[in-house]
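Chains, contacts and geometry: an overview
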Amino acid sequence: MSGSLGCECVDATSKLQTLAGDRSCETPTGEGGVLLSLGGSCVDYSYGSGGCLQHDLIHDKDCQGGLNGTVVPRHCPQPWCYVERDECKRYSEEEIRASDFFPGLGLFYSYSTCGGSSEAWMDHVENGTDPIQKNVLNGGQFLAAVPSLQLPNLFKLDTAGNTVLDKGDEYYDDESPFYGVYINYVKDLVRVSNGDIGGLNFTHVSKASNVEHPSSSYTAAVQDVANGLVDMAVAPFWITDQRLAMTSYTVPLVYDKTVLVIPMPGSKKSLQFETAKVLQPFTPWLWVLVVLVVLTAAVLGVWFSDKEKLAKKNYGKSLRKLRAGGVKKSKSKAVYSRLIVDGFLEKGLFFFSAGVERDEAASLPQKLLMFGFGFFILISVSAYVANLAAFLVQTGTDEYVGTMQQAVTAGMVICAHPALEDLLVRNWPQAKFEFDRSGNEWQGVLDLYRAGGCDVLAVGREDNMLDNELMNQFCDEGLVFTDSLIVETPVALPARPDIASGLSYWIFRAEKYNGVSIANSAKKYVEMNGSPKCEIELSNLGGIKEADDLTSLSPKNMVFPIIFFCAFALFAILLHVFDERNHKKTGKHTLAGRRSTLELFDEKAIAAIGSILKDPEDNRPVKGGMTDALAAALAAPAQHGTDIGENVDAQAEPDCNDVLEHTSNDATLQELLESGAIDEAL
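Residues numbered from 1 in each chain as written. Predicted model: local features only at pLDDT ≥ 70, side-chain atom pairs only at ≥ 80, totals over all residues. Heavy atoms only, no water.

Here we look at the confidence of the model for the protein
The predicted model of the protein averages 77 in pLDDT, with 72% of residues at 70 or higher. Element-level mean pLDDT values for the protein span from 40 in helix 27 (residues 656–659) up to 97 in strand 13 (residues 232–233). Considering only residues more than four positions removed or in separate chains, one finds that residues 129–133, a stretch of pLDDT under 50, has 15 contacts. Residue range residues 629–666 is modelled with pLDDT below 50. Its contacts to residues more than four positions away, or to other chains, number 82 contacts. (pLDDT = per-residue confidence, 0-100. Helix = DSSP H or I, 4+ residues; strand = E, 2+ residues; numbered from the N terminus. Contact = heavy atoms within 4.5 Å.)

Here you go:
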């Protein structure tokens, strides 16, 4: 069988014959062949050619275990062959895949064109039992450089069992073993590789490379890899432009987030702060807007109301009588001003009590105004109350710079590691960085801060959070980590180009199938050794909130209530203006301007009748359709005594609430009504 139509088998012998060097071998028959993998089976150059055959069963010694009683892998009896990729893609629907054994040769194989399935082979690959996957590094022994000593990632122990962190004689003694999270991690990689990584030995960085790169022993270790002094280096290495140009890296182990580290903000305990919290749910501009809305409602309310009635009710004299008596214009303005102040206080009371007045006798413009104002109150008070609790319970902190952008804007100097210089300057060109070039890694950065070389720091989390000794020094300095990301850098292992991919494979498989990762190793360390002596995360400190955690409402949050109020206020103004113009022309109010109530008598008549009914002892007879009491009341001026218009010489208008203060009984009332005396008096 030569494969299905449109995806026929091809002869790949000539391509396999091009392989030489480490891949050349001699088959059991004494003929030339090619290794499926370094240290794997030697197969004939006709492997995969000649049609749909059981090529693995014929050529691969790992598929011939049945002869000695071992189990033959499921993929071995499956027929397959090499095919032409472009032809199969265009003219058939057969599944094709690039060669796993010979990448880069342009070889593609297919099980389906031979009537089979690649499921068994792919399962074989996924389980990691195939030769090419099992022997990616062929059991090699590798030498790894360790750039520095830093708990808990890398350290040594002296003869007394004490931790050694200085780079003295102990560091350069290769007979003294290294310990730490990263050392344990790469040892786990060796274990899960089942011998593909034959072993790892650890050594120090050469002094020559340290001289060449005095600001970073990590970069010096990468130089040793580039120079061929070691095969790889073990530590949390950032992948930077400079280092990547020197040698290859494995896939990233983690991503290190460099964040802003700042002095711990102090707590606010002043009376001013506690009282100001009541206003914090709204921004200052929103409070100004609320006051303007209340003032607008007050002014319009005075305008829409019966000013004569309001003035007399509140101050004892009507504006008409004041003007008739020759009152100065300033006095009249004072009355209007006082009415507006009272209206403002009244509307403010409505706002604070979350309600509005219900005056059934109010005009239509007044009711429309109160309808819009009531909706504004509903939304404003609800939003304020809903937001208030969060502000009242906050303990608060002094003002502090908590983000990188704030630090740049404030012109602060930022201490940082020199290995990230290019990346930091490229991402934050306006920032003022100060790089420690002592070669003392993060301890040097902290020492630079202590010496007053900067205001804040840029520190990597993954590289330092597990170092309790360094973090305790941060505690002593009162430093805390913010959540403000400055840069994010991949962390990986530098390695020779020819082994970087093999190491990457085991890094990937170790985490996927065995749970071996730097994160898990770090978690185990924390469980065994605990955390720093203080809380170093700003977000975890009680009562301290980042800037965005508590957000005051601004005017833009109240757009709809404001528009709603303005719409009804405008409608009310238009109705009132229309009514006022009509009243000036005809002397009568329009339907829109009249009081929205039905009265059989006006207010003065009702007050007069009520006064009569209150005094049953008044039995004086009616004279000419009028009681003595009524006549006396109409003849006497009303007594007023307010702070406005005390000295005004004007004829007082009779107060009908006093006119019928002394009347007799129902018979007298009937007599008054029939005579028309009340109508005449009013």
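Description of the sheet that holds strand 18 (residues 432–435)
Spatial strand order, 14-20-16-19-17-18: 6 strands in an open sheet with mixed pairing. This sheet does not close on itself; its edge strands, each paired only once, are strand 14 (237–238) and strand 18. Two elements, strand 16 (residues 254–263) and strand 20 (residues 479–492), share 9 bridges in a ladder whose sense is antiparallel. Paired with Val254 across the strands is Val491, a residue of strand 20. The strands touched by helix 19 (residues 441–450) are strand 14, strand 16, strand 17 (413–416), strand 18, strand 19 (456–460) and strand 20; relative to strand 19, the strand with the most contacts, the crossing angle is about 170 degrees. (Pairing = 2+ DSSP bridges. Axes fitted to C-alpha atoms, helices over the stretch in contact; angles between N-to-C directions.)

Quick look at the sheet that holds strand 5 (residues 42–44)
Overall, antiparallel pairing links the 3 strands, which are arranged 3-4-5 in an open sheet. Each edge of the open sheet carries a strand with a single partner, namely strand 3 (24–26) and strand 5. The mean angle between the axes of side-by-side strands here comes to 50 degrees, regardless of whether they run parallel or antiparallel. Relative to strand 5, strand 4 (residues 32–35) is paired through 3 bridges, and the arrangement is antiparallel. Looking at strand 5, one finds that Gly33 is bridged to Asp44.

Some thoughts on the pairing of strand 16
Most of strand 16 sits inside the fold, with 7 of its 10 residues counted as buried. By the bridge criterion, 4 bridges tie strand 16 to strand 19 in an arrangement that is antiparallel. In the sheet register, Leu260 faces strand 19, and the bridge partner there is Ala458. (Buried < 20%, exposed > 50% of the residue type's maximum accessible area, 1.4 Å probe, protein only.)

Observations regarding helix 7 (residues 181–192)
Helix length check: helix 7, at 12 residues, gives a terminal C-alpha distance of 17 Å against a target of 16 Å (1.5 Å per residue), a fit within 8%. All buried positions along helix 7 are accounted for by Val181, Tyr182, Ile183, Tyr185, Val186, Leu189 and Val192. Among the structural elements, strand 9 (140–146), strand 12 (197–204), strand 16, strand 20, helix 22 (497–514) and helix 23 (518–529) are those in contact with the buried residues of helix 7. Asn194, located one to two residues past helix 7, shows a positive phi value of around 55 degrees. (Expected span 1.5 Å × (residues − 1).)

Looking at the environment of Ala220
Among the structural elements, Ala220 can be located in helix 9 (residues 217–226). Excluding its chain neighbours within four sequence positions, the residues that come into contact with Ala220 are Val205, Ser209, Asn210 and His213.

A look at helix 19
Burial of helix 19 is extensive: 7 of the 10 residues sit out of reach of the surface. Phi for Gly452, located one or two positions after helix 19, is positive at around 85 degrees.

Some points on unusual backbone geometry
Put simply, Leu151 and Pro152 share a cis peptide bond, and its omega is -5 degrees. Summarising the element assignment, Pro152 is placed in the loop between strand 9 and strand 10 (156–157). One non-glycine residue, Asn138, lies in positive phi territory at about 55 degrees. Note that Asn138 resides in the loop between helix 5 (131–134) and strand 9. One non-glycine residue, Asn194, adopts positive backbone phi at about 55 degrees. Take Asn194: its relative accessible area is 68%, and that puts it in the exposed class.

A few points about the state of the cysteines
Applying the stated criterion across every chain yields a total of 6 disulfides. Two residues share a disulfide in this structure: Cys9 and Cys81, whose sulfurs sit 2.0 Å from each other. Between Cys9 and Cys81, the S-S torsion sits near -80 degrees, and that sign places the bridge as left-handed. Taken together, the residues Cys9 in the loop between strand 2 (7–8) and helix 1 (13–17) and Cys81 in strand 6 (residues 81–83) connect sequence positions 72 residues apart. Overall, Cys9 belongs to the buried group, its relative accessible area being 18%. (Disulfide = S-S within 2.5 Å.)

Let's talk about a nonpolar patch on the surface
Taken together, the side chains of Val278, Leu279 and Leu392 define a hydrophobic patch exposed on the protein surface, amounting to about 240 Å² of accessible area. Among the secondary structure elements, Leu279 is positioned in the loop between helix 11 (271–276) and helix 12 (284–304). (Patch = residues over 30% accessible without salt bridge, like charges linked within 9 Å, V, L, I, M, F, W, Y side chains within 5 Å. Areas by Shrake-Rupley, 256 points an atom, 1.4 Å probe, with all protein chains shown as cover. Salt bridge = Lys/Arg side-chain N within 4 Å of Asp/Glu carboxyl O.)

Let's talk about the packing of aromatic side chains
Scanning the entire structure with this criterion turns up 19 aromatic pairs. Arranged with centres 5.7 Å apart and planes meeting at 70 degrees, the rings of Trp287 and Tyr384 form a pair that is edge-to-face. One end of the pair, Trp287, is in helix 12; the other, Tyr384, is in helix 16 (residues 364–392), and 97 residues separate them in sequence. Of the residues examined, Tyr384 reaches a relative accessible area of 16% and is grouped as buried. Taken together, the aromatic side chains of Tyr47, Trp80, Tyr82, Phe101, Phe102, Tyr109, Tyr111 and Trp121 make up a single cluster linked through ring pairs. The aromatic ring of Phe178 is capped on one face by Lys156, whose charged end is 4.2 Å from the ring centroid. Positioned over the ring face of Tyr172 is Lys207, at 4.8 Å from the centre of the ring. (Phe/Tyr/Trp six-rings, centres within 6.5 Å; stacked < 30°, edge-to-face > 60°. Lys NZ or Arg CZ within 6 Å of the ring centre and 35° of its normal.)

A short note on the side chain of Asp44
Looking at the element boundaries, Asp44 is found in strand 5. A distance of 2.7 Å separates the side chain of Asp44 from the side chain of Ser46, its partner in a polar contact. Once residues lying within four places of it in the same chain are set aside, the contact partners of Asp44 are Leu16, Thr27, Glu31, Gly32 and His59. (Polar contact = N/O pair within 3.5 Å; in protein donor to acceptor, adjacent residues only side chain to side chain.)

A closer look at the nonpolar core
Judged by nonpolar contacts, the single largest core of 91 residues is most densely connected at Tyr182, Phe202, Met404, Phe433 and Phe474. Discounting residues that sit within four places of it in the chain, Met404 has contacts with Leu260, Ile414, Trp428, Ala431, Phe433, Ser484 and Ile486. Core analysis: the second largest hydrophobic core is formed by 22 residues, Phe304, Leu368, Ile377 and Leu388 among them. (Core = buried A, V, L, I, M, F, W, Y, C linked by side-chain atoms within 4.5 Å.)

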